[in-house]
Amino acid sequence: MKDKERTYTALLESVEYRLRHGQLRVGDRLPGERTLAEEYGISRASVREALRILSAVGLIRSGVGSGPKAGAVVISQPSDALGWALRMHIATRTLPVADIVTTRVLLEGTAAAQAAKVVHLPEHGEALQRAESYLEEMSHAGISDDRFHFCDTRFHYEISSLSGNIVMETVIDSLHLATVGYVQEAVPYLEDWESTKKELQQQHREIFAAVTAGEPERAQAAVAEHIRWFYALSEIGAAHYEYHQKVRAEQGS
């Protein structure tokens, strides 16, 4: 096991070194498996193990084909990787959803307050337009639940991006990705989802209005109220979901 670890970690450490020193950049393509195996003196199985790890942490996208198109492409999608890891640990109940929510309130509230302070800067115009477009789409009568959740997540992402803190923006996005499944499972068991959507829209509009008005404290309070309100509602839906799952399991046994 130790020998296997040394073989694939050699490739991982080399990729990290080359990224840190500018020898490898986003958009570059790694050599094919055979070339990597020969270069590092390791088996192709070990190369594949290293590539799987790099893919899981959001650093490469596997290439297909042969010739110039062979080999994985270097990318940078940290929120996807963080979101996946958080989701797995939420599933084990090691990370309580309540703690995730508290973290969201702290981070998103701070991001919204910062966004309200800098919203007037010209470079933020496109992000505001995207946030507003998601807000408008969520109000469409025929929008599907999946699309509604997607627009909800992207609205929060665009608002958070205005803060200018890339690490905060990435963590916030990963927290959304980690909890979206939890929310989607709970929603069908809410008593009146249509009324809930209308209330959510009103809360989103309040967040947007506070940010665009340049009112940090109001923006922070609006985000906190929104997150806590919907979490409390989702908890009710989740309790109903778990009850129905238990009933189905008992009926099937």
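Residues numbered from 1 in each chain as written. Predicted model: local features only at pLDDT ≥ 70, side-chain atom pairs only at ≥ 80, totals over all residues. Heavy atoms only, no water.

## A word on the confidence of the model for the protein chain
Confidence in the prediction of the protein chain, expressed as mean pLDDT, is 85, and 87% of residues score 70 or more. Per-element mean pLDDT across the protein chain ranges from 73 in helix H10 (residues 216-252) up to 95 in helix H6 (residues 125-138). Note on residues 1-5: pLDDT is under 50 here. Beyond four places in sequence and across chains, it has 1 contact. (pLDDT = per-residue confidence, 0-100. Helix = DSSP H or I, 4+ residues; strand = E, 2+ residues; numbered from the N terminus. Contact = heavy atoms within 4.5 Å.)

## Side note on the nonpolar core
Phe-155, Ile-159, Trp-193, Phe-208 and Val-211 are the most contacted members of the largest nonpolar core, which totals 41 residues. Put simply, the parts of the chain that give this core at least two residues each are helix H4 (78-91), helix H5 (97-118), H6, helix H7 (145-161), helix H8 (166-186), helix H9 (193-212) and H10. The residues touching Phe-155, leaving out its near neighbours within four places in the chain, are Ala-131, Tyr-134, Leu-135, His-204, Ile-207 and Phe-208. Core analysis: the second largest hydrophobic core is formed by 16 residues, Leu-11, Val-15, Val-47 and Ala-50 among them. (Core = buried A, V, L, I, M, F, W, Y, C linked by side-chain atoms within 4.5 Å. Buried < 20%, exposed > 50% of the residue type's maximum accessible area, 1.4 Å probe, protein only.)

## Some remarks on the side chain of Ser-163
For Ser-163, the location among the structural elements is in the loop between H7 and H8. The class of Ser-163 is buried, set by a relative accessible area of 11%. A polar contact is formed between the side chain of Ser-163 and the backbone nitrogen of Asn-165, at a distance of 3.3 Å. Once you skip the residues sitting within four places of it in the chain, Ser-163 turns out to touch Ala-111, Gln-114, Ala-115 and Met-168. (Polar contact = N/O pair within 3.5 Å; in protein donor to acceptor, adjacent residues only side chain to side chain.)

## Topic: the environment of Ala-37
Along the polypeptide, Ala-37 turns up in helix H2 (residues 33-40). Between the alpha carbons of Ala-37 and Thr-7 there is a distance of 9.7 Å; along the sequence they are 30 residues apart. Ignoring sequence-local partners within four residues, the contact set of Ala-37 consists of Ile-42, Ser-43, Arg-44 and Val-47.

## Focus: the packing of H5 against H7
If you want to describe how two helices pack, look at the angle between their axes and the distance between the axes. At their nearest, the axes of H5 and H7 sit 7 Å apart, and the two run at 55° to each other. What the angle tells us is that H5 and H7 run oblique. Along its contact with H5, which presents Arg-104, Glu-108, Ala-111, Ala-112 and Ala-115, the element H7 presents His-156, Ile-159 and Ser-160. In terms of residue class, the contact of H5 with H7 is made up of 4 nonpolar, 2 polar and 2 charged. (Axes fitted to C-alpha atoms, helices over the stretch in contact; angles between N-to-C directions. Parallel < 35°, antiparallel > 145°, perpendicular 65-115°, else oblique. Nonpolar A, V, L, I, M, F, W, Y, C, P; charged D, E, K, R; others polar.)

## Some points on the pattern of salt bridges
With the rule as written, the count across this model stands at 12 salt bridges. Close ionic contact of Arg-20 with Glu-16 constitutes a salt bridge, the shortest N to O distance being 3.7 Å. Linking Arg-20 with Glu-16, this pair stays in helix H1 (residues 2-20), spanning 4 residues, or about one helical turn. Exposure remark for Glu-16: the relative accessible area of 45% places this residue in the partly exposed category. For Glu-33, the salt bridge is made with Arg-48, and the minimal N-O distance between the two is 3.0 Å. Taken together, the residues span a long stretch of sequence, with Glu-33 in helix H2 and Arg-48 in helix H3 (residues 44-56) at a distance of 15 residues. Residue class for Glu-33 comes out partly exposed when judged on its relative accessible area of 24%. Here the salt bridges do not stand alone but share partners, grouping Glu-33, Arg-44 and Arg-48 into one network. (Salt bridge = Lys/Arg side-chain N within 4 Å of Asp/Glu carboxyl O.)

## A look at H4
With 14 residues, H4 extends 20 Å between its outermost C-alpha atoms, agreeing within 8% with the 20 Å of an ideal straight helix rising 1.5 Å per residue. Listing the buried residues of H4 in full gives Ser-79, Ala-81, Gly-83, Leu-86 and Ile-90. Looking at the packing, one finds that the buried side of H4 touches H3, H5 and H8. (Expected span 1.5 Å × (residues − 1).)

## Some points on the side chain of Glu-108
Along the chain, the position of Glu-108 falls in helix H5. Taking the relative accessible area as the measure of exposure, Glu-108 reaches 2% and is therefore buried. A distance of 3.0 Å separates the side chain of Glu-108 from the side chain of His-156, its partner in a polar contact. Of the polar contacts made by the side chain of Glu-108, one reaches the side chain of His-176; its length is 2.9 Å.

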